[in-house]
Amino acid sequence: MTERYLILEDGSAYAGKAFGSLATTTGEIVANSTMNGYQEIISNQIYHNQIIVFTQSSIGNTGLDQNAYESILPSAKGVIVREYENLATDHFKRISLDKYLKQHKIPGIYDVDTREIRHHLQRRGNMKASIVDVADDHAFDQLHATVLTNQQVAQVATPKPFPNPDEGANVVVVDFGLKSGILRELSHRDCNVTVVPWDFSAAQILDLDPDGIVLSTGPGSPANLPTSVLKMITEVQSRAPLFAIGLGHELFALANGAKISQLNVEHHGSNHPIREIITNEIFFAGQEQGYAVDPKSIDHAQLFITYVDLVNGTVQGLRHRDYPAFSVQFSPDGAPGPKDSVGLFDDFMEIMARRRDNNDDRY
Amino acid sequence: MGKIILDKMAMQRALTRITYEIVEKNKGVEDLVLIGIKTRGIFLANRIADRLQQLENVSIPVGELDITNYRDDIEHDAVSTDVKMSNNKINFSIEGKRVILVDDVLYTGRTVRAALSAVMDLGRPKSINLAVLVDRGHRELPIRADFVGKNIPSSQKEKIKVYVTEIDDKDAVELIK
Amino acid sequence: MTIDIKKVLILGGGPTNIGHENELDAAAFERLMALKKTGAKIIYVDNNAFSVTTDEIQPANVYVQEVNFQNTVNIIEKEKPDAVMATTGGLNGMQIAWQLAESGILSSNNITLLGIKPADLRKVMDNQKLRDTLTEINEKVIASKIVANDDEAMDFIREVGFPVIVKPMSSSHDTSRFICNNTDELEDALDVSFKRTYIKRCSIEQSIVGYKEIEMVGIRDANGNKILISGMEDMDPIGIHSGDSIIFAPTQTLINEEYQALRTATFRIMDALNITGTCHVQFAQSRTSSNYFVTKVSPFFTRNTILAAKATGYPLTYVSSFLELGCNLTEIKLPSKYSKFLAFMEPTMDHVVVKIPLWPFRDITDVDQHLNTLMKSVGSTIGIGRTVEEAIIKSMHSSQFSPRDVLPSVSTVDDDDVINQLIHPLASRILILMEALRRGFSIDELSELTQIDRFYFYKLNQLLRAQDFVVNNPLSPQSIEIGHKYGFGDGMLAELWQVNISKIQQMNQNYHNRVTYKAIEPSAGEFLECTNIFYSSYELENESRPFTEKSALVIGRGGNQLGPNSAADYYTSQILRSLHKCGYKTIIMNTNPNAVSLTPQLSDKQYIEPIQLGNILNIIDLEQPDVVILPGNRHYLSKQLKQFKNLNILVLPPDQKVATYNQKHATTAVDLFIEGDEVLPVTTISFVGKDQMTDLRFINDYKEPMDNWQTDEAKLIADASKNIDTHEWQGLVQVLYNTTGDSNYEMTGIRPVRITETAFLTKITGINWINVLVRKYLGKLDLDSLKDDLKPTEHQRSAIMTAHFPFRELQSGRSEGTTKQEVGSSLSFKNFE
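Residues numbered from 1 in each chain as written. Chains lettered and ligands numbered in written order. Predicted model: local features only at pLDDT ≥ 70, side-chain atom pairs only at ≥ 80, totals over all residues. Heavy atoms only, no water.

Considerations on the interface of chain A and chain B
Phase 1: The partner chain B presents 24 residues to the 25 residues of chain A that form the contact.
Phase 2: The largest contributions to the chain A side of the interface with chain B come from Ile278(A), Glu350(A) and Arg354(A), which together make up 31% of the buried area.
Phase 3: One salt bridge in this structure joins Arg17(B) and Asp347(A), with 3.2 Å as the shortest N-O distance.
Phase 4: In this assembly, chain A and chain B are joined by 8 residue pairs in polar contact (both at pLDDT 80 or more).
Phase 5: Looking at the side of chain A that touches chain B, the elements with two or more residues in it are β16 (274-276), β19 (303-309) and α10 (343-358) of chain A.
Phase 6: The biggest single contributor to the side of chain A that touches chain B is α10(A), with 9 residues. (Contact = heavy atoms within 4.5 Å. Buried area = accessible area lost by both parts, 1.4 Å probe. Salt bridge = Lys/Arg side-chain N within 4 Å of Asp/Glu carboxyl O. Polar contact = N/O pair within 3.5 Å; in protein donor to acceptor, adjacent residues only side chain to side chain. Helix = DSSP H or I, 4+ residues; strand = E, 2+ residues; numbered from the N terminus.)

Some thoughts on the UniProt feature "short sequence motif: PRPP-binding" (unreviewed entry) in chain B
Phase 1: Under the present numbering, the feature "short sequence motif: PRPP-binding" (unreviewed entry) in UniProt falls on residues 99-111 of chain B.
Phase 2: Helix makes up 15% of residues 99-111 of chain B and strand 62%, and the two end C-alpha atoms of the span are 16 Å apart. (UniProt positions renumbered as here; feature names shortened; annotations may be inferred.)

Considerations on the packing of aromatic side chains
Residues and elements named next belong to chain A.
Phase 1: A complete count under the given rule lists 25 aromatic pairs over all chains for this structure.
Phase 2: Here the aromatic rings of Phe243 and Phe348 are separated by 5.5 Å at their centres, their planes lie at 55°, and the arrangement is tilted. One end of the pair, Phe243, is in strand β14 (residues 242-245); the other, Phe348, is in helix α10, with 105 residues separating them in the sequence.
Phase 3: A relative accessible area of 0% places Phe243 in the buried class.
Phase 4: With relative accessibility at 0%, the residue Phe348 sits in the buried group.
Phase 5: Here Phe326 and Phe348 contribute two aromatic rings whose centre-to-centre distance is 6.3 Å and whose plane-to-plane angle is 70°, an arrangement assigned as edge-to-face. Of this pair, Phe326 sits in strand β21 (residues 325-328) while Phe348 sits in helix α10, placing them 22 residues apart in sequence.
Phase 6: A relative accessible area of 6% places Phe326 in the buried class.
Phase 7: By the ring-pair criterion, three or more aromatic residues cluster together here, those being Phe243, Phe326, Phe345 and Phe348. (Phe/Tyr/Trp six-rings, centres within 6.5 Å; stacked < 30°, edge-to-face > 60°. Buried < 20%, exposed > 50% of the residue type's maximum accessible area, 1.4 Å probe, protein only.)

Quick notes on the sheet that holds strand β18 (residues 533-537) of chain C
Residue and element names in this part refer to chain C.
Phase 1: Here we have 7 strands laid out as an open sheet, ordered β17-β18-β21-β20-β19-β22-β23, and mixed in their pairing. Either end of the sheet is taken by a strand with one partner, and the two such strands are β17 (516-519) and β23 (649-652). Averaged over all pairs of adjacent strands, the angle between their axes in this sheet comes to 25°, without regard to strand direction.
Phase 2: Running over the sheet, helix α21 (residues 565-581) touches β19 (551-555), β20 (585-590), β22 (627-631) and β23 and is turned about 160° from β20.
Phase 3: In this fold helix α26 (residues 769-778) packs onto β22 and β23, with an angle of close to 150° to the strand it touches most, β23. (Pairing = 2+ DSSP bridges. Axes fitted to C-alpha atoms, helices over the stretch in contact; angles between N-to-C directions.)

Some thoughts on the packing of α21(C) against helix α25 (residues 755-764) of chain C
All names here are of chain C.
Phase 1: One way to put it is that α21 packs onto α25 with a least axis distance of 8 Å and a crossing angle of 55°. By the angle class used here, α21 and α25 are oblique. For the crossing formed where α21 meets α25, the hand is left-handed. Packed against α21, whose contacting residues are Ala567, Ala568, Tyr570 and Tyr571, the element α25 presents Ile755, Thr756, Thr758, Ala759, Thr762 and Lys763 at the interface.
Phase 2: For the contact of α21 with α25, a count of residues per class yields 6 nonpolar, 3 polar and 1 charged. (Parallel < 35°, antiparallel > 145°, perpendicular 65-115°, else oblique. Left-handed = near helix turned anticlockwise from the far one by under 90°. Nonpolar A, V, L, I, M, F, W, Y, C, P; charged D, E, K, R; others polar.)

Considering the environment of Ala119(C)
Phase 1: Residue placement: Ala119(C) occurs in helix α6 (residues 118-125).
Phase 2: Assessed through its relative accessible area of 42%, Ala119(C) is described here as partly exposed.

Some words on the UniProt feature "binding site: L-glutamine" (unreviewed entry) in chain A
Residues and elements named next belong to chain A.
Phase 1: Under the feature "binding site: L-glutamine" (unreviewed entry), the UniProt entry names Gly218, Gly220, Leu247, Gly290 and Tyr291. Their sequence span is 74 residues, while the largest C-alpha to C-alpha distance among them is just 11.8 Å; these annotated residues converge on one region.
Phase 2: Locating Gly220 in the fold gives a position in the loop between β13 (212-215) and α8 (227-236).
Phase 3: Given a relative accessible area of 23%, Gly220 falls into the partly exposed group.
Phase 4: Topologically, Gly290 is positioned in strand β18 (residues 287-293).
Phase 5: With residues near it in sequence (within four places) discarded, Gly290 still touches Ser261, Gln262, Leu263 and Glu266.

Digging into the domain arrangement of chain A
All names here are of chain A.
Phase 1: In terms of domains, chain A is made up of domain 1 (3-145) and domain 2 (152-358).
Phase 2: Computed over C-alpha atoms, the centres of domain 1 and domain 2 are 27 Å apart.
Phase 3: Contact between domain 1 and domain 2 buries roughly 1,900 Å² in total, counting both sides, with carbon and sulfur atoms accounting for 46%.
Phase 4: Across the pair Glu70 and Arg184 runs a salt bridge, and its minimum N-O distance is 2.9 Å.
Phase 5: Joining domain 1 to domain 2, the criterion identifies 14 residue pairs in polar contact (both at pLDDT 80 or more).
Phase 6: Counting only elements with at least two residues in the side of domain 1 that touches domain 2, the list comes to β3 (25-32), α1 (38-42) and α3 (114-124).
Phase 7: No other element matches the 4 residues that β3 contributes to the side of domain 1 that touches domain 2.
Phase 8: Partitioning the side of domain 1 that touches domain 2 into residue classes produces 8 nonpolar, 16 polar and 3 charged. (Domains from an automatic or database assignment.)

Here we look at the side chain of Lys763(C)
Residue and element names in this part refer to chain C.
Phase 1: With respect to the helices and strands, Lys763 occurs in helix α25.
Phase 2: Polar side-chain contacts of Lys763 include one of 2.7 Å to the side chain of Thr54.
Phase 3: Excluding its chain neighbours within four sequence positions, the residues that come into contact with Lys763 are Ala49, Ser51, Thr54, Asp55, Tyr570, Leu827 and Phe829.

So, the nonpolar core
Residue and element names in this part refer to chain C.
Phase 1: In this structure, Val8, Phe673 and Trp769 are the most contacted members of the largest nonpolar core, which totals 111 residues.
Phase 2: Counting residues per element, this core draws most heavily on α21, at 7 residues.
Phase 3: Excluding anything up to four places from it in sequence, Trp769 contacts Phe673, Val682, Leu732, Thr758, Leu761, Thr762, Leu786 and Leu790.
Phase 4: Counting residues in each nonpolar core, the second largest holds 70 residues, with Ile246, Ile555, Leu613 and Phe644 among its members. (Core = buried A, V, L, I, M, F, W, Y, C linked by side-chain atoms within 4.5 Å.)

Describing the interface of chain C and chain A
Phase 1: Listed per partner, the contact involves 56 residues of chain C and 49 residues of chain A.
Phase 2: Buried surface at the junction of chain C and chain A, both sides included, amounts to about 4,500 Å², of which 48% is carbon and sulfur.
Phase 3: When the area that chain C buries against chain A is broken down by residue, the three leading residues are Asn256(C), Arg386(C) and Glu526(C), summing to 13%.
Phase 4: In this structure, the salt-bridge partner of Lys485(C) is Asp111(A), at a minimum N-O distance of 3.4 Å.
Phase 5: Taken together, the links from chain C to chain A amount to 28 residue pairs in polar contact (both at pLDDT 80 or more).
Phase 6: The set of elements that each furnish at least two residues to the side of chain C that touches chain A consists of β11 (226-237), α10 (256-272), α13 (388-397), α17 (454-472) and β17 of chain C.
Phase 7: Top contributing element to the side of chain C that touches chain A by residue count: α10(C), with 8 residues.
Phase 8: Of the residues assigned to the side of chain C that touches chain A, the class counts are 20 nonpolar, 18 polar and 18 charged.

A short note on the pattern of salt bridges
All names here are of chain A.
Phase 1: Scanning all chains against the criterion turns up 82 salt bridges over all chains.
Phase 2: Arg82 serves as the salt-bridge partner of Asp111, at 3.0 Å between the closest nitrogen and oxygen. Of this pair, Asp111 sits in the loop between β8 (107-110) and α3 while Arg82 sits in the loop between β6 (78-80) and β7 (83-84), placing them 29 residues apart in sequence.
Phase 3: With a relative accessible area of 18%, Asp111 lands in the buried category.
Phase 4: Classification of Arg82 as buried rests on a relative accessible area of 3%.

Below is the structure:
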């Protein structure tokens, strides 16, 4: 058991034991309090350039299985756990967490006080961190000197369009660092999906004659993407039903005149009640966000706020007043997290069906 | 026993979506009035009104329409207009309003045709739209809904039953074979 | 949109028995604290002799009666409440509520049943209706059918597939059942079964033997908002009653898809039943597919509802009280120590909780001790740690009969017996699993034999490796580190190495091994403010700050076993209240998740830690309490603690001269309170044993005052007072007499008043004797006011405490039990004729 260190930008150092890859990496450190679905979390591209601290103390208990990855090539920079279990054998033919992290060159550290780290981050806010062999001045210098890329979407999204054929509604998914859960939900509903790169133009998308368009989740700040993306959104939203999730939601908001701000402490978990304004009901969903739509910046003549987080007050959903275009900050696909809002995909299907059946005159 | 096609959650979502679409289509809620067709249409209209209240912070009038005597497929004695109207509760003028008729199931279209007649008897609205929770097909008249919660293709032998908690102790849509 | 309630009748849980212990009283107590804020008048019915709740309500509003249908009807007729809360009455409470609904009593008296509507209650209590309801919402239940011949059986098989369980239908007590995996086995089983049934019917049901048992506890408000409090996983497969299974929270071996499916199912079930409050749903989850069945729906307080709350730190009872009253989740105002968001956040855990059941087989030996679908445990203890291993070991610390802090082992069992017990588990289940691993059984083999997930064997294996390392490397710093990491604790290390604990404490100091305490709170560290419930782990950050005020540590009793445990919990709770009144900040440590003494309203700080020397000393080291109180007769622990001269240990009742007997028979007793050289008579008691037995071990009824008190009491009190040597006896003392009739009494002994009877005296004399004792030993007793309150020979009515024994539940033929076999007691009052 090799001893390795997690060092933080503010000078903190944590000694722990290594598992997974022995690479030295740097990323933003974030705590995730979701209790189930470490596999889905680690493989989600939203964690590109991030080191994930799991607050749930025992990770790896069920190994990893082929059916639950959120991406093929995970891009997280590290995994920090209190205790990990190197289990693989099961009826789902799983591989162990250790082996998976080694395969994908992601380092892990266990046997650290993850609860203390969580408290620390809550107090100090977001910061960079490295996983290193030695916690010396050199390592801290390297950490301070590292500038993380802001071209995150380009690094994780598909460079070329590809189809996921089926016989149902014709859906174009714009990939900003897509999580597979979205595709899974569309597949369950027999959608004929085309995944297109994030920098496709409105014309390229509309040429595919979509019944609906999905703007996917993805890593990083929406401000790092060129304005051409926003232009694409404003052009397509009046032409086909639009469903935007995560980073897609943030871009949808920006395209419609709202502003985005960075959270002091990123929120990753599924424990915050989300209130649906129209019914006043609360529900839960996986949330992984470092940015949020500023509610004060919303032009109510254009957008409804549809959902809010009752704990931190962030906007969790928007809907266009004039078009069947809506967005959510959270992950309704439940991979991982509660499936309370998975019906949003059914809504999207209904909207698309209406448009097809009626040859809707609204467009 | 029936098979549940829409459960409580799905029903809620359908009404929510209809509400958004009403705002979308009417470019707002100005001059909007809701008229529920008895019995369950009334409860659904009230729920849509509650949603509009939450969303836009405006109170949209809701009327209740009993079209039993307007049905062309039910034989009834000749009755006076006064009596015809006796079961309706529409305490507002529909003159120049955008009327949204709300019903639970759209089937042959005869109920809606009757409702249209009844509404027209009351005045001259700016427009009339139709919102239904379920469209099960088999239209006998050229009528179509503007807002549909769920299309449920069904055979004519089957029955569609809508339950609302206000009177049925549960929210659900069931297909009964 | 809350329901306006002016007067509410709350059903109590009744005396402790197999199936429920003090958790219902704890829930009722917390509920009471919450409801006091609403201003509603509370009527309570319960005959649990050790109920803390009944002490909290004005005596005029408490009905000390058996919680049954007829009594409830009588109370309703007299009190005319406008609502009934039955959920704290457990299953019995729900059955009464159902009867009240079905008989029309609720509707004719215009009474609202809180928590669940009568129409929905029927869907739960009527098994067929529950199946229909679940089927309607597409939740699977185990299919079963009564068949009259092989053809019908085959039709059923074609529908549901193998495996199935075949049982002959018969009115006699035939419990035989056959598991069939194929047609041949089915034919054989039907053959045998049809021969055994004279009504010529067999029942066939889908077999889920070997499935995982998963438990979910959720809450729901009238608006349909729902939160999942916790998922829990039984280590043992379906086939062993969940009350007899080792339980883990959170779930350990479910993948996200499976977990979310069960969470969603729980919500759908709560919706279908329109529950406002809490609901506990049990599932059977396949090991080889995502298939699952709903096996049980309990929309009332159960032990595992309480476990879910204890495991997550979520104020479940408090919140559910308001939910039952119709409050929305977002409207509930929590007590100030909680973050204002916590009521409507879904709890998330950053620790592991393991619950190990305790069985009564030491005290009741002549029963079938195998674990099966019939629940046999009488209590449980929990261990909490940051790792699975730590939590397992900590729960094991407290689950053994020996007071010594050793890891028990079953190394003397022979190989055949090990295999036999793997397949037919006994109470020592977990020890056999460890022993099998030690003997080299492979994990695959063990998983196959026991149907226990491999994960648990990996964890047990780690523990064994850690234990071996620790044993083989005595007194090394690495051993201590590993020992701490895996939850062994200093006390267990000292026992393993046969050294005095001070030696290990010294090493801890040298190597800077500091124990840390972590808060049990439902946000996994998101909120920096925390509740005051803690467990230990050897980590970086300590979250427990000692009180700056005067403080007292009370050492709880741990898991319920047979004997005076419920009474001891009552006793402990009263000590906490008394200390609080005396101006102390109170700290309790306990491991019993069902203990009333662990309810957050009863103390300022709670530690869920093994009741063992090492753990106690660590807490003392941090808290530096002014006094440490050890309730109950725990001589081993008291001896261990007393070797530390710098501690202010108070044992209650104090270790004084133990009982002196001329003979161990008595019919009558005089209870005295002795302070200094003053002897104050308290009251007199008649003992009633079954069949007029006077053997002290077999007394199961206590009557106050004594029989013939009008003629004999004064004389006997005078005699007792005269015979007491105040140099030898202090506090509550009982002088025992045997009568041969005709007002002849022979003194047979003197003993301190036992805990059970102290509780009894507190319930019936109008004086809180536990408070009196605490004050006496803290030097804060106001003797004059006690004297004013004491009216030893004035009796308005007769009070009777009756001990209960779990013989029927354990299917034992026995009828009379000893005081060591008591599981709980009931209280009743009778007017004099």
